[in-house]
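Chain and residue survey
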Protein chains: 2
Amino acid sequence: MPHMAMSSRTLTPDLNPTALTPQELGVGARVTVAVMDSDYVSILTEALAHAPAGNLQVRTDPVSTWLGGSERDIAVYLAALIAQAGRSGAHVSASILLSRGCPGEVVCAVPAGRLPQVSPLDLAPTGIHAQAQWALYPLADGSDPQRPADHMRDIYAAIDQARRNGVVVGSEHYVTVLAGDLADVIATVVTAWATVGASVQHVTSHLTISVNSPTPAP
Amino acid sequence: MPHMAMSSRTLTPDLNPTALTPQELGVGARVTVAVMDSDYVSILTEALAHAPAGNLQVRTDPVSTWLGGSERDIAVYLAALIAQAGRSGAHVSASILLSRGCPGEVVCAVPAGRLPQVSPLDLAPTGIHAQAQWALYPLADGSDPQRPADHMRDIYAAIDQARRNGVVVGSEHYVTVLAGDLADVIATVVTAWATVGASVQHVTSHLTISVNSPTPAP
């Protein structure tokens, strides 16, 4: 329940040289993949079998699948899962929530340590074209007002990086519009989320992806 | 592009007695309804025809449908749209983004005025059972650090209200788990979002709904 977060931290000087691990930071994702085909169960089952879980924790419930682990493992898994579902030819819609910095449920208790720097991700192309809508939320819940994080600096840096990746195609109400190879879209969003996470503890991001949409782009 | 918001405001005293309208506040939603059936186009078309647009602005793109208008109109539309898709018997997944307080794209310019109080919504039952996962984000982007909004007070009030509505069934990583009649789930989430919006300008909320899921609850 991230919205009940009680505390948040900004980047601290290197008093403690040990960067927090993804597990300590609660790095993870929730994903819902919807396949618009009556064969959706077998298409999804095959896609899940195709996605490399690696060191991820993976748990499915009736609404979504939770992934816990490193940013790279999450990005690789999401790209493989959605690409494989898209290769069925069916229209696929995926809803993704990325979260970091709030590993608990009600209170965001994070152990002492430095927020980690994450290198930009680069994923192998999938050959699947994706259209997507993206929102990125640095959450300042309960942060020390004497030491506010410079959210805007981080967000502008993240957006600049996304533009350099060539996947930003516009903006719409409440979201940034992305298009490109599914791997580039996911790598861009995961990198931006992790980049902001280098200076803001609690950062979430939401991404809705459409593959094989019959609706023409406006 | 709400994550590029440049300013946010907290509730101001009643110097200006005129409450901002939903249009001035940029009250709106994006929704993606995925129907896991090869007949999804006709099921969605019928559901869209069934949903009462009323005074809403409605615009569909390849990824989602944008709704602009009042909180009540949005809630009524979403409940009717998703319920009707669910009546097909198909497994339906809906991804909803609610946003208020950032009507622009890059800069959240809001005219002078009081943030509005919104009465709790009460929708007629749909008869459709929904499972859902919910996140609520009061965004303090660039707010005056001398006058921080009391996010926690607002969030606790919103959660308390949701519990009283009887739809909160648990919490999972990053989300609150809801279940109940689709109308109660949507009314609860829209009410909570609007309640927090009475004291925080920029508030978003994300809801993933599952109807007719073949996956048993854990």
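Residues numbered from 1 in each chain as written. Chains lettered and ligands numbered in written order. Predicted model: local features only at pLDDT ≥ 70, side-chain atom pairs only at ≥ 80, totals over all residues. Heavy atoms only, no water.

All names here are of chain A. Strand β1 (residues 28–35) sits mainly inside the fold: 8 of its 8 residues count as buried. Of the two faces of β1, the one lined by G28, R30, T32 and A34 and the one lined by A29, V31, V33 and V35 are each fully buried. Both β1 and strand β3 (residues 65–68) contribute to a ladder of 4 bridges, which runs antiparallel. Note that in β3 the partner of A29 across the bridge is L67. Looking at chain direction, β1 and strand β4 (residues 92–100) are connected through 8 bridges and run antiparallel. Looking at the pairing, R30 lines up with L97 of β4. (Buried < 20%, exposed > 50% of the residue type's maximum accessible area, 1.4 Å probe, protein only. Helix = DSSP H or I, 4+ residues; strand = E, 2+ residues; numbered from the N terminus. Pairing = 2+ DSSP bridges.)

To continue, consider the packing of aromatic side chains. Working definition: an aromatic ring pair is given by the centre-to-centre distance plus the angle between the planes. In total, this model carries 1 aromatic pair over all chains according to the counting rule given. Arranged with centres 5.0 Å apart and planes meeting at 45°, the rings of A:Y137 and B:Y137 form a pair that is tilted. Of this pair, A:Y137 sits in strand β5 (residues 129–139) while B:Y137 sits in strand β5 (residues 129–139), on two different chains. A relative accessible area of 1% places A:Y137 in the buried class. Between the NZ or CZ atom of A:R100 and the centre of the ring of A:W193, over which it lies, the distance is 4.9 Å. (Phe/Tyr/Trp six-rings, centres within 6.5 Å; stacked < 30°, edge-to-face > 60°. Lys NZ or Arg CZ within 6 Å of the ring centre and 35° of its normal.)

Below, the discussion takes up the sheet that holds β1(A). Residue and element names in this part refer to chain A. Ordered by their spatial adjacency, 8 strands build an open sheet running β2-β3-β1-β4-β8-β5-β7-β6, and the pairing between neighbours is antiparallel. With partners counted over all chains shown, the strands left at the sheet margins are β2 (57–60) and β6 (168–172), one partner each. Going from strand to strand, the sheet's axes swing by 20° on average, the running direction of each strand aside. Inspection of the sheet shows β5 paired to strand β8 (residues 202–211) by 9 bridges, in the antiparallel sense. Counted as the bridge partner of P138 is V203 from β8. (Axes fitted to C-alpha atoms, helices over the stretch in contact; angles between N-to-C directions.)

You can see A:D61 is positioned in the loop between β2 and β3. For A:D61, a relative accessible area of 14% puts it in the buried group. For A:D61 and A:T32, which are 29 residues apart along the polypeptide, the C-alpha to C-alpha distance reads 9.9 Å. Those residues within four positions of A:D61 in sequence are excluded, and the remaining contacts are A:R30, B:Q133 and B:T215. (Contact = heavy atoms within 4.5 Å.)

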